[in-house]
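# An overview of the molecular structure
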Amino acid sequence: MRVAVVGTSGSGKTTFAGALAKALGARHIELDAINWQAGWKDLNAHDPDEFRRRVAEAVAGEAWVSCGNYSKVRPLVLARATHLVWLDYPKALVMARVLRRSFARALTGDELWPGTGNRETFARWLDREHPIRWAWDTYARRRRDYAAMFDDPALAHVAKHRVTRPRDAEALIATLASSKG
């Protein structure tokens, strides 16, 4: 099983994908961890060919769960995916989650991706690309994009799962894990 997990920033993609990967006994591919380099340099903007190369290598395996919203590598991921999960939660829930997560990360100073030195700080909260503002600004567009993706006949080969309530996420993990055989 190869599962692509998408959703607006702050929806819980990484947490969900990690739990699903564990339940499936599959590799968890966090696209943010591939993209973000030391000093907040992102391959997506600064070296898209290298980003695509790394993602293509990651999704070449037979069993994985990926999470991320990068349009430059989406075709690579979806070409190999057997399942697509869209975490489509209400904006109020997403914003509460992203605020709580950003606050905790800024407070603890934990490194986001091992070896990068990248940490959230309170000083960056007003930046245009900070996760809080990014989640707010991109919410509506992402919902439109994912709705169109779910209706795209080119993805007829992919089993699609739209999760609109967090309590349904655990049930979907259990369902997918029981059908992996």
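Everything that follows concerns the structure shown earlier in this document.
For the structure given in this document, a descriptive report is provided here. (Residues numbered from 1 in each chain as written. Predicted model: local features only at pLDDT ≥ 70, side-chain atom pairs only at ≥ 80, totals over all residues. Heavy atoms only, no water.)

### Overview of the overall build of the chain
Looking only at helices and strands, one finds eight helices and seven strands in the chain. Computed over the C-alpha atoms, the radius of gyration of the chain is 16 Å, within 12% of the 16 Å expected from 2.2 N^0.38 for a compact globule of 181 residues. With the principal axes as the frame, the chain shows a C-alpha extent of 45 × 35 × 30 Å. Relative to its full complement of 181 residues, the chain shows a buried share of 41%. Contacts in the chain between residues at least 24 apart in sequence constitute 70% of all its contacts with a sequence separation of at least 6. Accessible area of the chain: about 9400 Å², with a carbon and sulfur share of 54%. Charged side chains in the chain number 29 positive and 20 negative. The centres of these two groups are separated by 4 Å. (Helix = DSSP H or I, 4+ residues; strand = E, 2+ residues; numbered from the N terminus. Rg over C-alpha atoms; globule rule 2.2 N^0.38 Å. Buried < 20%, exposed > 50% of the residue type's maximum accessible area, 1.4 Å probe, protein only. Contact = heavy atoms within 4.5 Å. Areas by Shrake-Rupley, 256 points an atom, 1.4 Å probe, with all protein chains shown as cover. Lys, Arg positive; Asp, Glu negative; His and termini not counted. Charge placed at Lys NZ, Arg CZ, Asp CG, Glu CD.)

### Brief notes about helix 8 (residues 166-178)
Relative to the 18 Å expected for 13 residues at 1.5 Å per residue, helix 8 spans 19 Å between its end C-alpha atoms, a close match to the ideal helical length. In the core, the buried residues of helix 8 are packed alongside helix 1 (13-24), strand 6 (83-87) and strand 7 (159-163). (Expected span 1.5 Å × (residues − 1).)

### Describing the sheet that holds strand 6
Taken in spatial order, the five strands line up as 2-5-1-6-7 in an open sheet, and their pairing is parallel. Only two strands of the sheet have a single partner each, and these edge strands are strand 2 (27-30) and strand 7. Taking each pair of neighbouring strands and ignoring which way they run, the sheet shows an average axis angle of 15°. As judged from the four bridges shared by strand 2 and strand 5 (residues 64-67), these two strands associate in the parallel manner. Looking across to strand 5, one finds that E30 is bridged to C67. Packed on one face of the sheet, helix 1 meets strand 1 (2-7), strand 2, strand 5 and strand 6 and runs near 180° to strand 5. (Pairing = 2+ DSSP bridges. Axes fitted to C-alpha atoms, helices over the stretch in contact; angles between N-to-C directions.)

### Considering empty space enclosed by the protein
Under the definition given, this model contains one cavity of 30 Å³ or more. By volume, the largest cavity amounts to about 80 Å³. Lining the largest cavity are 14 residues, with V6, L31, G68, R74 and V77 positioned closest to its centre. Every element with two or more residues in the lining of the largest cavity is listed here: strand 1, strand 5 and helix 5 (74-80). Residues of the lining of the largest cavity, tallied by class, amount to ten nonpolar, three polar and one charged. (1 Å grid on protein atoms, 1.4 Å probe; cavity = no way out; pocket = protein on both sides within 12 Å on 5 of 7 lines; lining within 4 Å. Points joined across faces, edges and corners; volume = space filled by probe spheres on them. Nonpolar A, V, L, I, M, F, W, Y, C, P; charged D, E, K, R; others polar.)

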